[in-house]
Amino acid sequence: AAGVIQSPRHLIKEKRETATLKCYPIPRHDTVYWYQQGPGQDPQFLISFYEKMQSDKGSIPDRFSAQQFSDYHSELNMSSLELGDSALYFCASSPRSMADTQYFGPGTRLTVL
Amino acid sequence: QKEVEQDPGPLSVPEGAIVSLNCTYSNSAFQYFMWYRQYSRKGPELLMYTYSSGNKEDGRFTAQVDKSSKYISLFIRDSQPSDSATYLCAMSAVRGGSYQLTFGKGTKLSVIP
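Computed from a prediction, not measured in an experiment: that's the story for all the values here.

Asker: Any chance you could explain the nonpolar core here in plain terms?
Answerer: Proteins that are soluble and globular tend to have nonpolar side chains buried together. In terms of nonpolar packing, the biggest core is built from 25 residues, with Trp35(B), Ile72(B), Leu74(B), Ile76(B), Tyr87(B) and Met91(B) touching the most fellow members. Contributions of two or more residues to this core are made by β3 (19-25), β4 (32-38), β5 (45-50), β7 (61-66), β8 (71-76), β9 (85-92) and β11 (107-112) of chain B. Beyond its immediate sequence surroundings of up to four residues, Ile76(B) is in contact with Ala17(B), Ile18(B), Val19(B), Leu21(B), Arg60(B), Phe61(B), Asp83(B), Tyr87(B) and Leu109(B). Judged by nonpolar contacts, the second largest core, of 22 residues, contains Cys23(A), Val32(A), Trp34(A) and Val112(A).

Asker: Sorry, what's going on with the pattern of salt bridges here?
Answerer: Working definition: two side chains of opposite charge can pair if their charged atoms are close together. One pass over the full model with this rule turns up eight salt bridges over all chains. Notably, a salt bridge pairs Glu82(A) with Arg63(A), separated by 3.4 Å at the nearest N-O pair. Residue Glu82(A) is located in the loop between β8 (74-78) and β9 (87-94), and its partner Arg63(A) is located in the loop between β6 (53-57) and β7 (64-68); the two are separated by 19 residues in the primary sequence. When the shortest N-O distance is used, the salt bridge between Glu45(B) and Arg37(B) registers 3.2 Å. Bridged by salt links that share partners, the residues Arg63(A), Glu82(A) and Asp85(A) form one connected network.

Asker: What should I look at first to understand the packing of aromatic side chains in this one?
Answerer: The description of an aromatic ring pair rests on the distance of the ring centres and on the angle between the ring planes. Throughout the structure, instances matching the rule amount to 14 aromatic pairs over all chains. With a centroid separation of 6.4 Å and 25 degrees between ring planes, the pair formed by Tyr33(A) and Tyr35(A) is classed as stacked. Per residue, the accessibility class of Tyr33(A) equals that of Tyr35(A), and both read buried. When the ring of Tyr36(B) is compared with that of Phe103(B), the centres are 5.8 Å apart and the planes differ by 50 degrees; the resulting orientation is tilted. Placement of the pair is Tyr36(B) in strand β4 and Phe103(B) in strand β10 (residues 101-103), with a sequence separation of 67 residues. With a relative accessible area of 0%, Tyr36(B) lands in the buried category.

Asker: Would you take a moment to explain the sheet that holds strand β1 (residues 4-6) of chain B for this structure?
Answerer: Strand pairing in a sheet relies on backbone hydrogen bonds. The paired strands run either parallel or antiparallel. Residue and element names in this part refer to chain B. Ordered by their spatial adjacency, five strands build an open sheet running β1-β3-β8-β7-β6, and the pairing between neighbours is antiparallel. Edge positions in the open sheet fall to β1 and β6 (54-58), since each of these has one partner strand only. Taken pair by pair, the neighbouring strands of this sheet meet at an average axis angle of 15 degrees, ignoring direction. Across six bridges, the pairing between β7 and β8 is antiparallel.

Asker: Sorry if this is basic, but what is going on with the sheet that holds strand β1 (residues 5-7) of chain A here?
Answerer: All names here are of chain A. Spatial strand order, β1-β3-β8-β7: four strands in an open sheet with antiparallel pairing. Lying at the two open borders of the sheet, with one neighbouring strand each, are β1 and β7. The sheet shows a mean angle of 15 degrees between the axes of neighbouring strands, taken without regard to direction. Taken together, the five bridges between strand β3 (residues 19-24) and β8 define a ladder with antiparallel strand orientation. When the sheet's bridge partners are listed, Lys 22 is paired in β8 with Glu 75.

Asker: What should I look at first to understand the pairing of β6(A) in this one?
Answerer: Regular strands have side chains that alternate between both faces of the sheet. As defined by bridge partners, strand β5 (residues 44-50) of chain A adjoins β6(A) across four bridges and the pair is classed as antiparallel. Across the sheet, Ser48(A) pairs through a bridge with Asp56(A), a residue of β6(A).

Asker: Before we go on, may I ask you to explain the pairing of strand β4 (residues 31-37) of chain A in this structure?
Answerer: All names here are of chain A. Along β4, six of the seven residues are buried, which leaves the element largely enclosed by surrounding structure. Strand direction decides the pairing type here: β4 and β5, joined by six bridges, are antiparallel. Each bridged residue has a counterpart across the sheet, and for Tyr 35 the counterpart in β5 is Phe 45. Hairpin connection from β4 to β5: six residues lie between these consecutive antiparallel strands, with Gly 40 at a positive phi of about 70 degrees. When β4 meets β9, the two strands line up antiparallel, connected through seven bridges. Paired with Gln 36 across the bridge in β9 is Tyr 89.

Reading the values: rules and limits
Residues numbered from 1 in each chain as written. Chains lettered and ligands numbered in written order. Predicted model: local features only at pLDDT ≥ 70, side-chain atom pairs only at ≥ 80, totals over all residues. Heavy atoms only, no water. Core = buried A, V, L, I, M, F, W, Y, C linked by side-chain atoms within 4.5 Å. Buried < 20%, exposed > 50% of the residue type's maximum accessible area, 1.4 Å probe, protein only. Helix = DSSP H or I, 4+ residues; strand = E, 2+ residues; numbered from the N terminus. Contact = heavy atoms within 4.5 Å. Salt bridge = Lys/Arg side-chain N within 4 Å of Asp/Glu carboxyl O. Phe/Tyr/Trp six-rings, centres within 6.5 Å; stacked < 30°, edge-to-face > 60°. Pairing = 2+ DSSP bridges. Axes fitted to C-alpha atoms, helices over the stretch in contact; angles between N-to-C directions.

Structure follows, in structure tokens:
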């Protein structure tokens, strides 16, 4: 079965650079969630989209922005990167018919040097 | 105090043992309860999902929810070395049409052959 696709899988950036993470949800899933998981931590909710509109916002820094496109893929844009942004970034998707069930992608490991 | 509390372990059991993993929560608005399994450097994998008090069984896994006590459990029967992973409880409440997940810290389980 198709799963959530995230790219790139690994990303290394310098401080103050920008990064763009991409998420391709499972086909026919119209809702996307972004989570950040620091080393040894549980995933923390960042932001979610339903039908290309932002539906909820969590602990996402103002330096980060995200959007969902017409094909339902989503991008998380991160600017002025800081060392503390180093983490695993997960995207999860769900269908509206089972909106309470989220399927996670493999994650993007971001390292800020 | 975190909304979701989970003993991080680590928990080490012999192959074939019954494993019991638990979480408590404080937010009465949580309606949906999930268990995810996460292997090292991988995305969380949905194991069990339930929204009502009581038991739900799927193969070797049983999820138990007690809303009155704000307590959820996951039981693994006949544990296998391949069950060695971190187990995350997660729960959600609807907010603006979004079902953002709040996770426990995760319990690291090792099943010894």
